[in-house]
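# Structural features, examined
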Amino acid sequence: MLAHRRVDVQDLNDAIRATRKERSELADERIYRTTEGERAFAPGDRLLFRENNRDLGVKNGMLGTVERTEEGRLVVRLDSAWGPGQGRAVSVSMADYAAVDHGYAATIHKAQGATVDRAYVLASPTMDRHLTYVAMTRHRDAVRLYAGRDAFRDEGALSARLSRSQAKETTLDYDRAAYAERRGMESEIVVPQAMRERPARERGMFDRLNLSPGRGRPETHGVFEAERPTPEPAQREADGLSRAVDRYARAWTDAARMREQDLPVLEHQKVALRDAGAALDAARPGATRDLITALEHEPATYRAMTGMRGRERATQLVAGIQHEERVRQDPDLKAERLVKVWTGLEAQHERLSGGDQAEARGKVEARMKAVAGELKRDPQLESILRNRQHELGIEVGSRLDRVMRKRDIERALDHSIRRDRGLGMSM
């Protein structure tokens, strides 16, 4: 079962467990403290893993069935690679790994990349066309979409809500009926009878009154027209950039969620990210490049992208873009960034000292050469580094100091690498 909101998922999980307990299907349950709060598990319970763990060999979103409950420990039989079935068993110590929850229902986001025989989807007003697409394509054989009268007034409202695009071009258009027909699947929307038979509203005495003459735009006069402020061009530009950043952030997060679960990014997610980047560059030329750079080098920007939402996130990401623009234009900021990048690469190179890491070490060296090349091609930047060497923490005799002193970049780097390796160092 799939739902968009976590509160709905929890309600579904609780309802199923309550029914199973009434049928005496869940016995010998124990209470465990998890990252989601206290949860009761019993043999036979369905369980969802919420974080990757290399020691256990589990990934975020994996499902299993509880085989045995012990004090502070669960023995879980994982679903097979092809869906629910007999996979391997893992012993989960709750003191070491507590990121588990009931697994009868899951969020649509958790289900991205998964394939099941049958899917049951709970519609909510928070869903859009993209989420509907993901939810309605998780099945092999059949999918049902359930809607409640408490959330949608009628079938038309349901269709309009699930067809909306919260960000234009965020998803490919999805024709559910045609998709089901091509794959030979059952696809059914379950709508309460009351929604389908909603009586037509009685017409009132003002139903034929047209208050929008001409092109259909209501006329406005006097003080009402004067009180409608016209945004300044700068404000309109800022609002447009904020909207474009928010759209890109949602597409970026959607793709990043797949990578975190070691799943391939779906084609429509790639399209969404590409189109969102084009829209962001249209709002501010080069903004996508600046945002990507800020995500790589500025922890505050990365934290905003991964830990914030809505207007707060957009504001911080716009600030990151503006900072990158200043870095490109201000030689002093550019020098500080170069030293920061070099220091990070140098530390990474130091860690790759094993003989089996030669390939990774070579890639880092290639990036160091690229940074050094940027330095040697910019006399102003090199001059700033020399003048601020002590302030920027460039020690005399260090690799970066030797690169600065050599006129030829290849000789500078090769000499540095050969010298350090000859001394038994990692570079």
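Here goes a summary of the coordinates provided. All residue numbers here refer to positions counted from 1 along the written sequence of the relevant chain. Predicted model: local features are reported for residues with pLDDT of at least 70 only, side-chain atom pairs are reported and counted for 80 or more only, and whole-chain, interface and lining totals are derived from all residues. Excluded from the side-chain calculation are hydrogens and water; included are all heavy atoms of the structure.

## Here's the deal with the overall build of the protein
Numbered from the N terminus, helices here are DSSP runs of H or I no shorter than four residues, and strands are runs of E no shorter than two. The helix and strand inventory of the protein stands at 16 helices and twelve strands. In this scheme, a residue with accessible area under 20% of its type's maximum is buried, one over 50% is exposed, and one in between is partly exposed, where area comes from a 1.4 Å probe on protein chains only. Here the protein holds 427 residues, and the buried ones make up 41% of them. The criterion used for residue contact is that any of the two residues' heavy atoms lie within 4.5 Å. Of the contacts made within the protein by residues no fewer than 6 positions apart, 61% connect residues no fewer than 24 positions apart.

## Digging into the nonpolar core
To form a nonpolar core, buried Ala, Val, Leu, Ile, Met, Phe, Trp, Tyr and Cys residues must be joined to one another through side-chain atoms within 4.5 Å. The biggest cluster of nonpolar side chains holds 20 residues, and the ones touching the most others in it are Leu 338, Trp 342, Leu 375, Leu 385, Ile 394 and Leu 400. Elements with a contribution of two residues or more to this core: helix H12 (331-351), helix H13 (358-376), helix H14 (379-387) and helix H15 (399-405). The biggest single contributor to this core is H12, with six residues. Ignoring anything within four residues of it in the chain, the contact list for Leu 400 reads Leu 338, Val 339, Trp 342, Leu 375 and Ile 394. Listed in part, the 19 residues of the second largest apolar core include Ala 244, Ala 272, Ala 304 and Ile 321.

## Topic: the pattern of salt bridges
We count a salt bridge whenever a side-chain nitrogen from Lys or Arg sits within 4 Å of a carboxyl oxygen from Asp or Glu. Scanning the entire structure with this criterion turns up 33 salt bridges. The residue Arg 6 makes a salt bridge to Glu 36 at a minimum N-O spacing of 2.4 Å. You can see Arg 6 sitting in helix H1 (residues 6-22) and its partner Glu 36 sitting in the loop between strand E2 (30-34) and strand E3 (37-41), a full 30 residues away along the chain. Owing to a relative accessible area of 49%, Arg 6 belongs among the partly exposed residues under this scheme. For Glu 29, the salt bridge identified is with Lys 21, shortest N-O distance 3.4 Å.

## Here we look at the sheet that holds strand E5 (residues 63-70)
As a general point, the strands of a sheet are linked pairwise by backbone hydrogen bonds and lie either parallel or antiparallel. Paired strands, as defined in this entry, are two strands with at least two bridges between them according to DSSP. The strand order across the open sheet built from five strands is E7-E6-E5-E4-E8, with neighbouring strands paired in antiparallel fashion. Both outer strands of the open sheet, strand E7 (89-93) and strand E8 (100-102), are each paired with one neighbouring strand and no more. Here the average twist between neighbouring strands, direction ignored, is 40 degrees. In this structure, E5 lies alongside strand E6 (residues 73-78), joined through six bridges in antiparallel fashion. By the bridge assignment, Gly 64 is partnered in E6 with Leu 78. In this analysis an axis means a line fitted to C-alpha atoms, helices contributing only their contacting stretch, and an angle means the value between N-to-C directions, from 0 to 180 degrees.

## Describing the packing of H12 against H13
Remark: H12 packs on H13, axes separated minimally by 10 Å, with the N-to-C direction vectors making an angle of 160 degrees. As judged from the angle between their axes, H12 and H13 are roughly antiparallel. H12 and H13 meet at a crossing whose hand is left-handed. Together, Lys 334, Leu 338, Val 341, Trp 342, Leu 345, Glu 346, Gln 348 and His 349 of H12 and Arg 361, Val 364, Glu 365, Arg 367, Met 368, Val 371, Ala 372, Glu 374 and Leu 375 of H13 make up the contact between the two elements. For this classification, the nonpolar set comprises Ala, Val, Leu, Ile, Met, Phe, Trp, Tyr, Cys and Pro, the charged set comprises Asp, Glu, Lys and Arg, and every other residue, Gly included, is treated as polar. Class assignment of the residues belonging to the contact of H12 with H13 gives a composition of nine nonpolar, two polar and six charged. In what follows, roughly perpendicular refers to angles from 65 to 115 degrees, roughly parallel to angles under 35, roughly antiparallel to angles over 145, and oblique to any angle outside these ranges. By definition, turning the near helix anticlockwise from the far helix through less than a right angle yields a left-handed crossing, and turning it clockwise yields a right-handed one.

## A closer look at the environment of Ala 119
On the secondary structure map, Ala 119 appears in strand E10 (residues 116-122). Residue Ala 119 is classed as buried on the basis of its relative accessible area, which comes to 4%. In the structure, Ala 119 is positioned 16 residues away from Ala 135 in sequence and 8.1 Å away in space, judged by C-alpha atoms. Apart from the residues lying within four places of it in its own chain, the contact partners of Ala 119 are His 139, Ala 142, Val 143 and Arg 144.

## Details of the pairing of E2
Across five bridges, E2 lies against E3 in antiparallel orientation. Following the sheet pairing, Thr 34 is matched in E3 by Gly 37. Connecting E2 to the next strand, E3, in antiparallel fashion are two residues.

## Topic: unusual backbone geometry
The backbone of Ser 24 shows a phi angle near 60 degrees, a positive value even though the residue is not glycine. Summarising the element assignment, Ser 24 is placed in the loop between H1 and E2. We classify Ser 24 as exposed; its relative accessible area is 63%. Of note in this structure, Asp 28 is not a glycine but carries a positive phi near 60 degrees. Within the element layout of this structure, Asp 28 appears in the loop between H1 and E2.

## Here we look at the side chain of Asp 254
Within the secondary structure, Asp 254 is located in helix H7 (residues 233-260). The exposure class of Asp 254 is buried, given its relative accessible area of 8%. Engagement of the side chain of Asp 254 in a polar contact is seen with the side chain of Arg 257, the distance being 3.5 Å. The term polar contact refers here to a pair of N or O atoms within 3.5 Å; inside protein, the definition further demands a hydrogen-donor-capable atom paired with an acceptor-capable atom, and it admits residues adjacent in sequence only when both atoms are side-chain atoms. A polar side-chain atom of Asp 254 sits 3.4 Å from a polar atom in the side chain of Gln 269. Each residue touching Asp 254, except ones within four places of it in the same chain, is listed here: Gln 112, His 130 and Gln 269.

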